[in-house]
Amino acid sequence: MTCGGGEDGPAPWCHPRPPRPDSGSIGVCFRNTMGSERHAPWHLRTNVHMVFVVIFASDGGGAGMIYLDHNATTPVADEVLGAMLPWFQSDFGNASSAHIPGRRAAAAVEHAREQVASLIGAAPGEIVFTSGATEANNLALQGAWAVRPSTRDRVVVSAVEHKAVLEAAAELPGITDVTVVPVDRHGRIDLSALEKSLDDRVAIVSIIAANNEVGTLNPIADVTRLAKAVGAVVHTDATQWVGKQSLAVDDWNVDLLSLSAHKFYGPKGVGALFLRRGQRIVPSLYGGGQERGIRSGTLNVPGIVGLGAAAELAARRLANDEAPLKQMRDIFFLELESTIPGVSLNGHPTDRLCNTLNVRFEGVEGEAILASTPELAASTGSACESASPTPSHVLLAMGLGREAADECLRFSLGRDTTNAELHEAVRLLEATVARVRALTAVMGS
Ligand code: PMP
């Protein structure tokens, strides 16, 4: 995860990551074993016992980079870019304008609405375009909270939600009870704990569909069954699920669902909220009354067209992409496991996003691995990629200790990932892990 718009979005304790040191420079990764938390630049973390001196061979940028961070974002697909381009210049009309260019833009937006709806089994009228999943999550929670019956004053979430749900829930006006339901060691919602947490005071239940860090899939239909039994509104953050695996909102029976284009080869800064027909919410933005008054603001026509094109592309490719990705992911893990001692898997062994692999490298900080393997783009499981020493709330909720949680990396494969890249990644990781472990041993002796 990254700071400021990255995997977990900006948070007060996230400091922007400084530029990588120049090629050939020396970075020093420190590990604090005294339990005190000190904020320092990522490559100069305060150390008490161990110092990892990492020689950067190159900055690894550009050509040759092995990109295994598709849960953070994906490249825009050619077809998507092609669909978007005219809407920047030749067809630049405002979709709210009554003239012909405006009506053309409005028609393109409605086509995109159909494409998005079709991907998730919704009706076009149930799609509200937003600036992404952060906004969709906020709109869902704030909007449903504002119309709750006065007798309902509680919200229930899981311990592994994205911050865009956790913090949005904590900030709901007048909220006094956000119940955080635990997950099991695989990161999956504990359904019996969920059931126990529910009563007729619960206004909203919001449970993530697929976790962004470890990829574990939640049984959303079961969540909905339990939540609806007490009359709660159900929201799911399906940002990581949509476009990677198939889903139908009616199978899940959710009232609200968030998605984001840039997780499935669409552009950044555009997403949608599925708002089931009949479900009321109040708008979070007021103004020109776009999106049926639920989300005012001039529509981002190129972005929305891109989201629609990405949705159509995903719908076409989903069935074919899933099995090979899963196979590559599993072979990658087997190769890591057989090459590097002290490697273990985080997340559900089978019920996991087809592209996601979160791995612990015992005794080696994930940040140290990333810093000394600049040819590889992956991410740590921690809540912030920068200097924050805060370990991942997801891994902690799954029962890992703070130190173990710092020793994890998330690899997320994409449609263009090759076996050769994964093989090379294993080779790089093997060398880095061995080097850092050797240095750790020297420092400790
Ligand atoms: N929820 C989840 C599970 C995510 O992975 C992300 C993206 N990091 C978001 C919400 C926020 O999405 P966006 O970048 O579209 O605001």
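Refer to the structure above for everything that follows.
Residues numbered from 1 in each chain as written. Predicted model: local features only at pLDDT ≥ 70, side-chain atom pairs only at ≥ 80, totals over all residues. Heavy atoms only, no water.

Engineer: What is the right way to read the overall build of the protein from this model?
Structural biologist: The secondary structure content of the protein amounts to 12 helices and 15 strands. Going through the 445 residues of the protein one by one, you find that 57% of them count as buried. Split by element, the accessible area of the protein, about 17,400 Å² in all, is 56% carbon and sulfur. (Helix = DSSP H or I, 4+ residues; strand = E, 2+ residues; numbered from the N terminus. Buried < 20%, exposed > 50% of the residue type's maximum accessible area, 1.4 Å probe, protein only. Areas by Shrake-Rupley, 256 points an atom, 1.4 Å probe, with all protein chains shown as cover.)

Engineer: Explain unusual backbone geometry here, please?
Structural biologist: Excluding glycine, most residues fall at negative phi; most peptide bonds, likewise, are trans. Of note in the backbone geometry, Asn253 takes a positive phi value of approximately 60° without being a glycine. With respect to the helices and strands, the residue Asn253 is situated in the loop between helix H7 (249–252) and strand E9 (256–260). With a relative accessible area of 35%, Asn253 lands in the partly exposed category. Its identity as a non-glycine residue notwithstanding, Glu291 has a phi of 50°, on the positive side. Mapping Glu291 onto the fold places it in the loop between strand E10 (271–275) and helix H8 (301–339).

Engineer: Would you explain the site of the ligand in this entry?
Structural biologist: Around the ligand sit 15 residues, and of these Thr134, Asp237, Gln240, Ser260 and Lys263 come closest. Between the ligand and the protein, one listed contact pairs a nitrogen atom with a side-chain N or O atom of His162 at 3.4 Å. The contact in question runs from an oxygen atom of the ligand to an N or O atom on the side chain of Ser260, over 2.6 Å. For the ligand, whose free accessible area comes to 390 Å², the fraction covered by protein is 92%. (Near = heavy atom within 4 Å. Polar contact = N/O pair within 3.5 Å; in protein donor to acceptor, adjacent residues only side chain to side chain.)

Engineer: What am I meant to see in the sheet that holds strand E14 (residues 379–380) here?
Structural biologist: The pairing of strands in a sheet comes from backbone hydrogen bonds and takes either a parallel or an antiparallel form. Here we have 4 strands laid out as an open sheet, ordered E11-E12-E15-E14, and antiparallel in their pairing. Across the chains shown, the open sheet's two edge strands, defined by having one partner strand only, are strand E11 (343–346) and E14. Of the strands in this sheet, E11, strand E12 (356–361) and strand E15 (408–412) touch H8, which is tilted by about 10° from E12. (Pairing = 2+ DSSP bridges. Contact = heavy atoms within 4.5 Å. Axes fitted to C-alpha atoms, helices over the stretch in contact; angles between N-to-C directions.)

Engineer: Would you mind showing me how to read the sheet that holds strand E5 (residues 154–158) here?
Structural biologist: In spatial order, the strands read E4-E10-E9-E8-E7-E5-E6; together these 7 strands make up an open sheet with mixed pairing. A strand with exactly one partner marks an edge of an open sheet, and here the two such strands are strand E4 (127–130) and strand E6 (177–181). On average, each strand axis in the sheet is inclined to that of its neighbour by 20°, with strand direction left out of account. Relative to E4, helix H2 (residues 100–120) is tilted by about 115°, and along the sheet it contacts E4, E9 and E10. Where helix H3 (residues 133–146) meets the sheet, its contacts fall on E4, E5, strand E7 (202–206), strand E8 (233–237), E9 and E10, and the angle it forms with E9 comes to roughly 165°.

Engineer: Is there a simple way to explain the environment of Pro302 in this structure?
Structural biologist: On the secondary structure map, Pro302 appears in helix H8. Taking the relative accessible area as the measure of exposure, Pro302 reaches 11% and is therefore buried. Each C-alpha atom, one on Pro302 and one on Pro86, is 8.0 Å from the other, the two residues being 216 residues apart in sequence. Residues within four places of Pro302 in sequence aside, it is in contact with Met84, Trp87 and Phe88.

Engineer: For this particular structure, what's the right way to read the nonpolar core?
Structural biologist: Where a protein is soluble and globular, its nonpolar side chains tend to be buried together. Counting 61 residues, the largest nonpolar core has Ile120, Val205 and Leu257 as its most contacted members. Among the elements that take part in this core, H8 stands out by supplying 10 residues, more than any other. Here Leu257 is in contact with Ile120, His235, Thr236, Ala238, Val242, Leu247, Val249, Trp252, Ala272, Leu273 and Phe274, once residues within four sequence places are set aside. Formed by 29 residues, the second largest nonpolar core is a distinct cluster that contains Ile66, Ile369, Leu376 and Leu413. (Core = buried A, V, L, I, M, F, W, Y, C linked by side-chain atoms within 4.5 Å.)

Engineer: Sorry, what's going on with the packing of aromatic side chains here?
Structural biologist: Going through the model one piece at a time under the given rule, you end up with 3 aromatic pairs. Both rings, one in Trp241 and one in Trp252, keep their centres 4.7 Å apart while their planes meet at 90°; by these two values the pair is edge-to-face. Within this pair, whereas Trp241 is found in the loop between E8 and H7, its partner Trp252 is found in helix H7, the two being separated by 11 residues in sequence. Each member of the pair, Trp241 together with Trp252, is buried. Judged by centre distance (6.4 Å) and plane angle (85°), the ring pair of Phe361 and Phe411 falls under edge-to-face. Note that Phe361 is positioned in strand E12 and Phe411 in strand E15, a separation of 50 residues in sequence. Through a chain of ring-to-ring contacts, the aromatic side chains of Phe332, Phe361 and Phe411 assemble into a single cluster. Across the ring face of Trp145, the terminal group of Arg148 is positioned such that the distance to the ring centre comes to 3.7 Å. Over the ring of Tyr265 we find Arg415, and its NZ or CZ is 3.9 Å from the ring centre. (Phe/Tyr/Trp six-rings, centres within 6.5 Å; stacked < 30°, edge-to-face > 60°. Lys NZ or Arg CZ within 6 Å of the ring centre and 35° of its normal.)

Engineer: What should I look at first to understand the packing of H2 against H8 in this one?
Structural biologist: In helix packing, the relevant descriptors are the interaxial angle and the interaxial distance, both defined with respect to the helix axes. Running from N to C, H2 and H8 point in directions that differ by 30°, and their axes come no closer than 8 Å. Once H2 is placed against H8, the crossing between them reads as left-handed. Between H2 and H8, the contacting residues are Ala105, Ala108, Val109, His111, Ala112, Gln115, Val116 and Leu119 on the first element and Val301, Ile304, Val305, Leu307, Gly308, Ala309, Ala311, Glu312, Ala314, Ala315 and Leu318 on the second. (Left-handed = near helix turned anticlockwise from the far one by under 90°.)

Engineer: Could you clarify how one ought to interpret the pattern of salt bridges in this entry?
Structural biologist: Note that side chains of opposite charge can pair when their charged atoms are close. Under the criterion given, the structure shown has 18 salt bridges. Asp177 is the salt-bridge partner of Arg154, the closest N and O atoms lying 3.0 Å from each other. In this pair, Arg154 is assigned in strand E5 and Asp177 in strand E6, connecting sequence segments 23 residues apart. Judged by relative accessible area, Arg154 falls into the buried class, the value being 5%. In this structure Asp177 comes out as partly exposed when scored by relative accessible area, which is 22%. The salt bridge involving Arg427 is made with Glu424; its shortest N-O contact spans 2.8 Å. In this pair, Arg427 and Glu424 are both assigned in helix H12 (residues 419–444), 3 residues apart and thus about one turn of the helix distant. The exposure class assigned to Glu424 is partly exposed, which follows from its relative accessible area of 29%. Each of Glu110, Arg113 and Glu291 takes part in a single network of salt bridges with overlapping partners. (Salt bridge = Lys/Arg side-chain N within 4 Å of Asp/Glu carboxyl O.)

Engineer: For this particular structure, what's the right way to read a nonpolar patch on the surface?
Structural biologist: A cluster of nonpolar side chains, Val76, Leu81, Leu85 and Phe88, forms an exposed patch at the surface whose accessible area comes to about 350 Å². In this fold, Val76 is placed in the loop between strand E3 (66–67) and helix H1 (78–84). Taking the relative accessible area as the measure of exposure, Val76 reaches 31% and is therefore partly exposed. (Patch = residues over 30% accessible without salt bridge, like charges linked within 9 Å, V, L, I, M, F, W, Y side chains within 5 Å.)

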